[in-house]
Amino acid sequence: MADLTMSVRYIKGVGEKTAAAFARLHIHTVEDLLRHFPRAYEDWSQVVRIAEAPLGEQCCVRATVLTDVQTNFIRKGMTLFKFTASDGKSGMQVTLFNNKYLANRIKRGREYLFFGTVTNGYARYEMASPLIEEVSGAARIHPIYRQTEGLSTRIIAKTTEKALPLLATATDILPPDMIARYGLCTAAYAYQNIHFPRDREALAAARRRLVFEELLLLQLGLLRLKGRTRAVAGTPVREDGSEAFWALLPFEPTGAQRRAVADCVRDMQSGVPMSRLVQGDVGSGKTAVAAGVAYTAIQNGGQAAMMAPTEILAEQHAKTLEKLLGPAGIRVGRLTGSMPAAEKRAVREGLADGTVQFAVGTHALISDGVEFQHLGLVITDEQHRFGVAQRARLAEKGENPHLLVMSATPIPRTLALIIYGDLDVSVLDELPPGRQPIATFAVDSGKRARAYGYVKKHLDEGHQAYVVCPLVEEGEDGSDLAAATELVEELRGGVLAGYRVALLHGRMKGAEKEAVMAAFSQGEVDVLVSTTVIEVGVDVPNAVIMVIENADRFGLAQLHQLRGRVGRGEYASTCILISDAQNEEARRRLTVMCKTTDGFRIADEDLQLRGPGDFFGNRQHGLPQLNIADLMSDAALLGAARSAAEDLLREDPLLIDEAHRLLAAAVERLFQRVGDGGMN
Ligand code: ADP
Ligand code: MG
């Protein structure tokens, strides 16, 4: 059997230098090379008429050369070659730059295939620097690879061509019955045709098989992670505390909140640890759900821990939960990095001896010094900020604790399965009653004065406002911070003179941030000028208007999260997006924001605008980077891969059958790679 793990050095023609260039593309073995799929194709197999060539896109036309090649010396080192060709209906002028070799091969009266972009010139069609081939041998689909210095697409293609025969004797990673059942092609066929497609159908079949395989590995890995937690729950739940908890709440829970808590309680009663995702748009009331689930876990003798991504949020949750659960005799302890050491120590002691039942904090919760007497429930808020591994680290502080993950959506339903494939899902698809829609407007900076005039009107009615300006990221040069500081000064000295304006930014010390946030939520500050540190979860219902400066500099999902800071009470709220951007994508983002407040729709638009590659590229989810699957267009295959994975694990839960050995190794490798990247 061929060994695909051998170095590319063993392929004929690959010397030390070429191997080093391949290494820059992370290609070390023959298998790496075969899995370096083309990023695009030149499709010479579909010939179009000159007049029907798609605008601005590459295509292939077949035309006869009508004239001799004219040579024009423009200046030293710059020669133009020109000739006219026709497909019988339309003519076009072909221009070649400096390509004497190609120009010399063009013969008047002969027919060729031209591959490139047809443009509509002043009086005729034109094609500049096309690839040209004889009609006879061509008519194929050529791969285009991501290349690197010293390694052109041609060399990659040549090397790949030499490596492909090795596959003929290799065993297919997918069992034959699965291949038959899902109508897939073999690995040998798939690799051959993903690199050098015989025709479009062959390419589609190849792609389908490889996408299926990739999604199968992902699902197998996730299902096995889930299987690992199917041990006995550390905190078995007997009593359902939900009703007692609802009585503590100052408002009636929504139906969706009741359902989500009931789902969780049922999970916790099942004897195995819960692994559940509660997905709900901003403002849907996830905090109350978390509190309800924690209440039941604590009443049954376990401790609960809730991890939030920012100090501001942890602080806010701690306050809310203390107020809510304190009267029921539950002690809530806050743990964040910037707390004074003595306070931290006190909370840690309380957690270790069990006198503090509910820990609320940031990453500080997963640090080594934190021990629990009996951790029964782990909650992570705004999960998309945490990796799979951080969630697991907190869970390790207990013995098979229940796991509750809360996410403010921006993940379309079709994708949730992938990211959260190891979790059960409850959706909060209902907002608390009495919510007023948020009116959103996009204006250019010419209307800034009017926008702030509108803000003043709301302040005079006793409400509060947010003003958001773009990112102050760590490691940036500070010019954005300067902009925020300047904005505060400008507002204080001008349009908002006489109002209490405060600044909040990511570089402030924890205690400073807390002080500003506390002042704002107690109504001692009228206008909070902030960078994106308020993006996640902050809840001040009296703040009813938000101005976002340079709104084009934010992504859609982020704008949605930001806007979710208003419209949280019973007052009608407003969001004003200020932007002078002209580019189409930015305009479209702003239009989407003005049209809808539905998080699912916004997430879908976001995906279409940015592409899933981008969405998944940031690796925050801690899952492997997908090599070929496109989660938008391959959603149907995802379902098939999921059921194939489930069938397989039912038959062979540990993948120890000889027929599954290669699959097991591939799953291992895929998740190993995650370990190198996002999971540590
Ligand atoms: P998110 O899902 O964005 O985390 P929160 O938990 O912060 O939402 O809740 C948003 C606001 O709605 C809070 O002020 C909260 O007190 C309030 N709230 C939550 N549930 C209800 C309900 N059932 N009825 C009325 N208000 C509610
Ligand atoms: Mg929240």
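Rules and cut-offs
- Residues numbered from 1 in each chain as written.
- Chains lettered and ligands numbered in written order.
- Predicted model: local features only at pLDDT ≥ 70, side-chain atom pairs only at ≥ 80, totals over all residues.
- Heavy atoms only, no water.
- Near = heavy atom within 4 Å.
- Polar contact = N/O pair within 3.5 Å; in protein donor to acceptor, adjacent residues only side chain to side chain.
- Areas by Shrake-Rupley, 256 points an atom, 1.4 Å probe, with all protein chains shown as cover.
- Helix = DSSP H or I, 4+ residues; strand = E, 2+ residues; numbered from the N terminus.
- Expected span 1.5 Å × (residues − 1).
- Buried < 20%, exposed > 50% of the residue type's maximum accessible area, 1.4 Å probe, protein only.
- Pairing = 2+ DSSP bridges.
- Axes fitted to C-alpha atoms, helices over the stretch in contact; angles between N-to-C directions.
- Contact = heavy atoms within 4.5 Å.
- Core = buried A, V, L, I, M, F, W, Y, C linked by side-chain atoms within 4.5 Å.
- Left-handed = near helix turned anticlockwise from the far one by under 90°.
- Salt bridge = Lys/Arg side-chain N within 4 Å of Asp/Glu carboxyl O.
- Phe/Tyr/Trp six-rings, centres within 6.5 Å; stacked < 30°, edge-to-face > 60°.
- Lys, Arg positive; Asp, Glu negative; His and termini not counted.
- Parallel < 35°, antiparallel > 145°, perpendicular 65-115°, else oblique.
- Arc of directions from axis to C-beta.

### Remarks on the site of ligand 1
Neighbouring residues of ligand 1: 16 residues in total, closest G283, T287, R435, D539 and R568. In this structure, a nitrogen atom belonging to ligand 1 sits 2.9 Å away from a side-chain N or O atom of Q257. At 2.8 Å from an oxygen atom of ligand 1 is found a side-chain nitrogen or oxygen belonging to K286. Protein chains bury 85% of the 560 Å² of accessible surface belonging to ligand 1 in isolation.

### Looking at helix 11 (residues 311-325)
Over its 15 residues, helix 11 extends 20 Å from the first C-alpha to the last, a length consistent with the 21 Å expected when each residue adds 1.5 Å. Burial runs high along helix 11: 11 of the 15 residues are buried. Within the sequence span of helix 11, burial applies to E311, I312, L313, A314, E315, Q316, H317, A318, L321, L324 and L325.

### Thoughts on the sheet that holds strand 20 (residues 501-504)
Pairing in this open sheet of six strands is parallel, and the strands run 18-23-22-19-21-20 from one edge to the other. Both edges of this open sheet fall to strand 18 (438-443) and strand 20, since each of them pairs with a single strand only. The average angle at which neighbouring strand axes cross in this sheet is 20°, direction not considered. When strand 18 meets strand 23 (residues 573-578), the two strands line up parallel, connected through six bridges. Within strand 23, the position partnered with A442 by the bridge is L577. Its contacts with the sheet place helix 19 (residues 584-595) against strand 18 and strand 23, and it is angled at close to 155° to strand 18.

### Focus on the nonpolar core
Residues F212, L216 and L220 are the most contacted members of the largest nonpolar core, which totals 63 residues. Taken together, the elements giving at least two residues each to this core come down to helix 1 (16-24), helix 2 (30-34), helix 4 (153-163), helix 5 (176-181), helix 6 (187-195), helix 7 (200-228), helix 22 (635-651) and helix 23 (661-676). Per element, the largest residue contribution to this core is 12 residues, and it comes from helix 7. By size, the runner-up hydrophobic cluster in this structure holds 36 residues, among which are F245, A291, L324 and L377.

### Let's talk about the packing of helix 18 (residues 556-563) against helix 19
Where helix 18 meets helix 19, the axes come as close as 10 Å, and the angle between the chain directions of the two elements is 35°. Between helix 18 and helix 19 lies a crossing whose hand is right-handed. Along its contact with helix 18, which presents L556, L559, H560 and R563, the element helix 19 presents R589, L590, V592 and M593.

### Observations regarding the sheet that holds strand 12 (residues 303-307)
Note: strands within a sheet are paired through backbone hydrogen bonds, in either parallel or antiparallel orientation. Sheet architecture is open: seven strands sit in the order 13-14-12-15-16-11-17, paired in parallel fashion. Pairing within the sheet leaves two strands with one partner each, and these edge strands are strand 13 (332-335) and strand 17 (424-428). Strand after strand, the sheet turns through a mean of 20° between neighbouring axes, direction not considered. By the bridge criterion, five bridges tie strand 11 (residues 275-280) to strand 16 (residues 402-407) in an arrangement that is parallel. Bridge assignment links L277 to a residue of strand 16, and that residue is V405. Contacts from helix 11 reach strand 12, strand 13, strand 14 (358-361) and strand 15 (375-381) within the one sheet, and its direction differs from that of strand 14 by about 155°. Here helix 12 (residues 341-353) sits on the sheet in contact with strand 12, strand 13 and strand 14, set at roughly 135° to strand 13.

### Structural notes on the pattern of salt bridges
Counted under the stated rule, the structure contains 30 salt bridges. Between R49 and D87 there is a salt bridge, and its shortest N-O distance comes to 3.9 Å. Here the residue R49 occupies a position in the loop between strand 2 (47-48) and strand 3 (58-65), and D87 occupies one in the loop between strand 5 (78-86) and strand 6 (91-97), the gap between them amounting to 38 residues. Residue D87 is classed as buried on the basis of its relative accessible area, which comes to 16%. Taken together, the shared-partner salt bridges connect R35, D172, R209 and E213 into one network.

### Some words on the packing of aromatic side chains
One pass over the full model with this rule turns up eight aromatic pairs. Ring centres 5.3 Å apart and planes at 20° place the aromatic pair W44 and F115 in the stacked group. Of this pair, W44 sits in the loop between strand 1 (40-43) and strand 2 while F115 sits in strand 7 (residues 111-120), and the two are 71 residues apart along the sequence. Taken together, a centroid distance of 6.2 Å and an interplanar angle of 45° make the contact between F83 and F114 tilted. Note that F83 is positioned in strand 5 and F114 in strand 7, a separation of 31 residues in sequence.

### Considering the side chain of R565
Among the structural elements, R565 can be located in the loop between helix 18 and strand 23. Nearest to the buried, unbridged R565 among oppositely charged side chains is D539, at 6.0 Å. Here the side chain of R565 touches Q561 through a polar contact of 3.2 Å, landing on its backbone oxygen.

### Details of the packing of helix 11 against helix 17 (residues 510-521)
Packing of helix 11 against helix 17 leaves a shortest axis separation of 10 Å and a crossing angle of 55°. Put simply, helix 11 runs oblique to helix 17. The chirality of how helix 11 crosses helix 17 is right-handed. Where helix 11 approaches helix 17, its residues E311, I312, E315 and K319 are matched on the opposing element by G510, K513, E514, M517 and A518.

### Some remarks on helix 19
Helical geometry note: an α-helix holds 3.6 residues per turn, so side chains three or four residues apart project in the same direction. A rise of 1.5 Å per residue sets the reference length of helix 19, with its 12 residues, at 16 Å; its end C-alpha atoms lie 16 Å apart and thus fit the reference within 8%. Residues of helix 19 that are buried include every one of A586, R589, L590, V592 and M593, and no others. Looking straight down helix 19, one finds that the buried residues subtend no more than 155° of arc, so they occupy a single side. Residues E584 and K595 are exposed on helix 19 and point more than 90 degrees away from its buried face. Measuring from the side-chain oxygen of the N-cap residue of helix 19 to the backbone nitrogen of E585 gives 3.2 Å; that N-cap residue is N583.

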